[in-house]
Amino acid sequence: MVTSRAVTWEVLESRGFETAWVELGEGVLRARGRAVGIVPEPYWVSYELETSERFVTRRLRVTAETEAGVRSLDLRHDGQGRWTADGERLPGVDRALDCDLGLCPLTNTMPVLRHGIHLAPGEREFLMAWVSVPGLVVRPSRQSYTHLGRTNGGGQVRFASGEYRSDLEFDGDGLVVDYPGLATCLRRGA
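Rules and cut-offs
- Residues numbered from 1 in each chain as written.
- Predicted model: local features only at pLDDT ≥ 70, side-chain atom pairs only at ≥ 80, totals over all residues.
- Heavy atoms only, no water.
- 1 Å grid on protein atoms, 1.4 Å probe; cavity = no way out; pocket = protein on both sides within 12 Å on 5 of 7 lines; lining within 4 Å.
- Points joined across faces, edges and corners; volume = space filled by probe spheres on them.
- Helix = DSSP H or I, 4+ residues; strand = E, 2+ residues; numbered from the N terminus.
- Nonpolar A, V, L, I, M, F, W, Y, C, P; charged D, E, K, R; others polar.
- Salt bridge = Lys/Arg side-chain N within 4 Å of Asp/Glu carboxyl O.
- Buried < 20%, exposed > 50% of the residue type's maximum accessible area, 1.4 Å probe, protein only.
- Phe/Tyr/Trp six-rings, centres within 6.5 Å; stacked < 30°, edge-to-face > 60°.
- Lys NZ or Arg CZ within 6 Å of the ring centre and 35° of its normal.

**Brief notes about the layout of surface pockets**
Once rolled over the atoms, a probe with the size of a water molecule shows which space is left empty.
Here comes step 1: Volume-wise, the largest pocket comes out at about 320 Å³.
Here comes step 2: What lines the largest pocket is a set of 17 residues, among which D100, G102, L103, W130 and Y179 lie closest to the centre.
Here comes step 3: Secondary-structure elements contributing two or more residues to the lining of the largest pocket are β9 (98-101), β11 (138-150) and β12 (155-161).
Here comes step 4: Looking at the lining of the largest pocket residue by residue, the classes come out as 9 nonpolar, 6 polar and 2 charged.

Here it is as C-alpha cells:
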C-alpha cells in the first residue's frame, strides 16, 4: 500500500520553509520538494528523491537558485555502493546507502525507516552522501541514530554527527515532526 502525504516544515536554521510531496510504501520512498531560505544566503531549492528497496537512495536531483545563479546536481547511487554526481564518480562516499540534503528534514527518513529506529530500541551508524545547500557540494558525513523512546504513534531518536547532537521526533511513518534547532513540522496532510 502506498501512502501519499504533503508535509511542510518551518526550517529554523535557514529561516525558511520546505514542502515535500511524499509517497511511502513497500520499502520505497519517492518525494519532490521545494524549499526557500535566507541563511546562509537567500535561496530556492527544488528536489526529487527516489529510493530503491529498503529505502536505499537511488537518485537525488536538486536545483538551487541564488543571487549568483542556478546550480544543479544529479546524485546517483548504483545499488552496489558507488555514487556519481553529474556522471562523475564520488569515491569518498562509496558504501553509503543514503543521501542527506542539507537543511532538509525529509532525508533523515530513509535510515530511520530502514532500521525502524523510531519504533524500536537500537543504534546505527551510517556514512551519508551529504549535500550542502545552496552550494550543492557532496561530502561524506558520518552519522548515528539512536532510539530514545516511543511517542504518540512515533518515536524519538538522537541524531549525531561529529560534535553535533539533536533529539528528533518522528511520526509513525518515519517523517520528522520536530528537529530542534533545524526544523519543525507545520503540516502533515494527505
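**A word on the pattern of salt bridges**
Here comes step 1: Counted by the stated rule, this structure contains 9 salt bridges.
Here comes step 2: The residue D74 makes a salt bridge to R76 at a minimum N-O spacing of 3.1 Å.
Here comes step 3: Take D74: its relative accessible area is 17%, and that puts it in the buried class.
Here comes step 4: A salt bridge links D94 to R89, with the nearest nitrogen and oxygen atoms 2.8 Å apart.
Here comes step 5: Here the residues in one salt-bridge network are R5, D171 and D173, joined through shared partners.

**Observations concerning the packing of aromatic side chains**
Here comes step 1: For the coordinates displayed, the defined rule picks out 4 aromatic pairs.
Here comes step 2: With centroids separated by 5.3 Å and ring planes inclined at 70 degrees, the aromatic side chains of Y145 and F159 adopt a geometry described as edge-to-face. Of this pair, Y145 sits in strand β11 while F159 sits in strand β12, placing them 14 residues apart in sequence. With respect to burial, Y145 and F159 carry one shared label: buried.
Here comes step 3: Centroid distance F159 to Y164: 6.1 Å. Interplanar angle 65 degrees. Geometry classified as edge-to-face.
Here comes step 4: Judged by its relative accessible area of 5%, F159 is buried.
Here comes step 5: Through a chain of ring-to-ring contacts, the aromatic side chains of F126, Y145, F159, Y164 and Y179 assemble into a single cluster.
Here comes step 6: A cation over a ring is seen here: R32 above W21, with NZ or CZ 4.8 Å from the ring centre.

Remember that the coordinates give geometry; whether it matters functionally is a separate question.
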